[in-house]
Amino acid sequence: MKLLAVDTSTVACSVALQIDGDVLQRHEVREREHTRLLVPMIRELLDDGRCSLASLDALVLGIGPGSFIGMRIATSLVQGMAHGAGLRVAAVSSMLAVAEEVFARHDAEQVFVAQDAHMDQVYLGQYCFADVARPVADERLQGLSRLDELKRDCVGARYAAGAGWQRYPALWSDNADGFEACADVLYPSARYLLPAAQRQVLGGCLLAPTDLEPAYLRQDVASPPRQS
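For clarity, every value in this text was computed on a predicted model and none was experimentally measured.

What counts, and at which threshold
- Residue numbering note: each chain is counted from 1, following its sequence as written.
- In keeping with the model being predicted, local features are shown solely for residues with a pLDDT of at least 70 and side-chain atom pairs are shown and tallied solely at 80 or more, while totals for entire chains, interfaces and linings include all residues.
- To obtain the side-chain values, all non-hydrogen atoms of the structure were included, while hydrogens and water were left out.
- Each helix corresponds to a stretch of at least 4 residues labelled H or I by DSSP, and each strand to a stretch of at least 2 residues labelled E; elements are numbered beginning at the N terminus.
- Classification of residues uses two cut-offs on accessible area relative to the type maximum, computed with a 1.4 Å probe and protein chains only: under 20% is buried, over 50% is exposed, and between them is partly exposed.
- Each polar contact in these results corresponds to two N or O atoms within 3.5 Å; when the atoms are within protein, one needs to be able to donate a hydrogen and the other to accept it, and residues that are neighboring in sequence are counted only if both atoms are side-chain atoms.
- By the convention used here, residues are in contact when the closest approach between their heavy atoms is within 4.5 Å.
- A pair of aromatic rings is counted whenever rings of Phe, Tyr or Trp (Trp by its six-membered ring) have centres within 6.5 Å, and the orientation is called stacked for planes under 30 degrees apart, edge-to-face for over 60 and tilted otherwise.

*Asks:* Pulling in residues and values, what's your account of unusual backbone geometry?
*Replies:* Of note, the amide linkage connecting G64 to P65 takes the cis form, showing an omega dihedral of 5 degrees. Here P65 shows up in the loop between β4 (58-62) and α2 (68-85). Phi is positive for H118, close to 65 degrees, though the residue is something other than glycine. On the secondary structure map, H118 appears in strand β6 (residues 110-118). Its relative accessible area of 51% is what places H118 among the exposed residues.

Here it is, written out as structure tokens:
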């Protein structure tokens, strides 16, 4: 299977090319550099893999949640490439990719991913591993408070991951006792979009480029969150 995966939902600009069992990747944490880095990174990978867009089985897009501008950069580029090459697209949660990396590197049963949503909020996702990484609940906006999910019993180790825990130390201090550790996986890596993308290809769940939509969990970025 040949797949090209792209994620720019955070400060990381990440691209991966899968050719059967081999994966090539370019990954740089460079804030506000996505528009400069992304196209050259894709070209380098395709050249290194001696692969053309037309020879791919599908494109893969990390749809966030995350930076509004970052998500639009990758979405627009993937839509253009898919139109031009006649490809369909696997849309994969960027936070699921973070959880996938934690599951690959640690003996975790559950992973809670938190990414900075600004305005004293994070994007929060909870994932478990049972043969494959799966979401436990819908991704959501979360304030800086104790997570109710940590009150529930969990067989095995819980891990935290994502840059949101570092961005808001109070969130970590209020919840640290519920975790085995905070993994050092801060941003989504495009190579970890690939497992879910492969399942979508095999299941025939790909999207037309016109149907792509980033995960905008916050619809109004200009207004502060309402006080409860």
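*Asks:* Could you give me a rundown of the side chain of H34, with the residues and numbers involved?
*Replies:* Among the secondary structure elements, H34 is positioned in helix α1 (residues 34-48). Polar contacts involving the side chain of H34 include one to the main-chain carbonyl oxygen of T10, which spans 2.6 Å. With near-sequence residues (within four places) excluded, H34 lies in contact with T8, T10, V11, A12, C13, G70 and I73.

*Asks:* Outline the packing of aromatic side chains, supporting the account with residue identities and numerical values.
*Replies:* Scanning the entire structure with this criterion turns up six aromatic pairs. Taking 5.7 Å as the distance between ring centres and 25 degrees as the angle between the ring planes, the aromatic pair formed by W172 and F179 counts as stacked. Looking at W172, the relative accessible area reads 25%, which means it is partly exposed. A network of ring pairs unites the aromatic residues F112, W165, W172 and F179 as a single cluster.

*Asks:* Residues and numbers for the environment of G203, please.
*Replies:* Mapped onto the fold, G203 is located in helix α6 (residues 194-203). Take G203: its relative accessible area is 46%, and that puts it in the partly exposed class. Sequence separation between G203 and Y216 is 13 residues; the distance between their C-alpha atoms is 25 Å.

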